[in-house]
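Structural overview for review
Here is what each chain is made of, one letter per residue.
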Amino acid sequence: MIFPAFFEQAPVVKAFDPLAKLLGAPSDGCFDYVYADAVRFSGHSCPTVAGSFLMGRAAMQALYPEGRAERGQIEVSMGAPAGHGTTGVMAQVLTLLTGAAAENGFKGIGGSYARNGLLTFAEHPESGAVTFRRRDTGELVIAELDTSPVPGNPNQRGLLIGIMQGVASDSQKRAFAEGWQERVRTMLVDLADDPRLIRLKRVEVTPG
């Protein structure tokens, strides 16, 4: 399995999962998710996968500034239906990081550790924003991905057309793949903490 070298430079998402600790793997319940994990889970690397990875990271850090985010204690609300655009792809990456699952998720043990129902989708496209809620404190953050600071190479479209038509050479296929991943590299390495890429808004919650 050969991944682009820049994967090693991408941020790491740190989480603690009490269910994992209970069941003994990992024994300390700590997960360090790297970008390659999201790629394995999604089956490919693209700006949507990279952006979702960074979005989840930013939200989890905002909700748990004191340390590792607790996996299974975050509710995730997508701003569009599951079948709309790239919403489903984004949700899968966020499930990996936060543990939040739809109704088909893990139902828990003895009334605890349930993950089902923590991931919800809007009935109609409302926005590209995703809301993250910490279940124990009720704290809310809203995250939105904006890939406009990382425009694609204008030559990519022509290369892709050639590939889809079966007329592209091996060198053209390599050029397309390298150009595609260069955009991902820029997001994960150069702009990982850039507020233009991931816009994060904290929502004040009134107690009671």
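Here, every reference points to the structure presented above.
Below, the structure is looked at part by part. (Residues numbered from 1 in each chain as written. Predicted model: local features only at pLDDT ≥ 70, side-chain atom pairs only at ≥ 80, totals over all residues. Heavy atoms only, no water.)

1. With respect to the pairing of strand 7 (residues 140–145)
If a strand is regular, its side chains alternate between the two faces of the sheet. We count it as follows: For two strands to pair, DSSP has to find at least two bridges joining them. Per the convention used, a helix needs a DSSP run of H or I reaching at least four residues, while a strand needs a run of E reaching at least two, with both numbered from the N terminus.
Sheet topology places strand 6 (residues 130–134) next to strand 7; four bridges connect them, and they run antiparallel. When the bridges of strand 7 are listed, Phe132 appears paired with Val141. Connecting strand 6 to the antiparallel partner strand 7 that follows it, the hairpin turn spans five residues, and Gly138 within it adopts a positive phi of roughly 80°.

2. Some remarks on the sheet that holds strand 5 (residues 119–121)
Think of a sheet as strands paired side by side through backbone hydrogen bonds, with each pair either parallel or antiparallel. Defined as follows: Each axis is a line fitted through C-alpha atoms, taken for helices only over the stretch in contact, and angles between the N-to-C directions span 0 to 180 degrees. Contacts are residue-level and defined by heavy atoms, with any inter-residue pair within 4.5 Å sufficient.
The strand order across the open sheet formed by five strands is 5-4-6-7-8, and the pairing between neighbours is mixed. Edge positions in the open sheet fall to strand 5 and strand 8 (198–203), since each of these has one partner strand only. Shown here is a sheet whose adjacent strand axes are inclined to one another by a mean of 20°, direction ignored. In the packing of helix 3 (residues 47–63) onto the sheet, the strands contacted are strand 4 (74–78), strand 6, strand 7 and strand 8, and the crossing angle to strand 7 comes to about 160°. The strands that helix 4 (residues 87–98) touches are strand 4, strand 5 and strand 6; relative to strand 4, the one it contacts most, it runs at about 175°.

3. Concerning the pattern of salt bridges
The test is simple: By salt bridge we mean one thing: a side-chain nitrogen of Lys or Arg within 4 Å of a carboxyl oxygen of Asp or Glu. The classification of residues rests on relative accessible area computed with a 1.4 Å probe and restricted to protein chains. Under 20% of the type maximum is buried, over 50% is exposed, and intermediate values are partly exposed.
The tally for this structure, following the rule as stated, stands at 16 salt bridges. A salt bridge links Asp193 to Arg57; its shortest N-O distance comes to 3.1 Å. Remark: Arg57 occurs in helix 3 and Asp193 occurs in the loop between helix 6 (170–190) and strand 8; sequence separation between them is 136 residues. According to the relative accessible area criterion, Arg57 is buried, its value standing at 11%. Across the salt bridge formed by Glu75 and Arg133, the nearest N and O atoms sit 3.3 Å from each other. Taken together, the residues Glu75 in strand 4 and Arg133 in strand 6 connect sequence positions 58 residues apart.

4. Focus on the sheet that holds strand 3 (residues 69–70)
Strands sit in the order 2-1-3 across an open sheet of three strands; the sheet is mixed. In this open sheet, the two edge strands, each paired with only one partner strand, are strand 2 (30–33) and strand 3. Against the sheet, helix 3 engages strand 1 (13–16), strand 2 and strand 3, with an angle of about 55° to strand 1.

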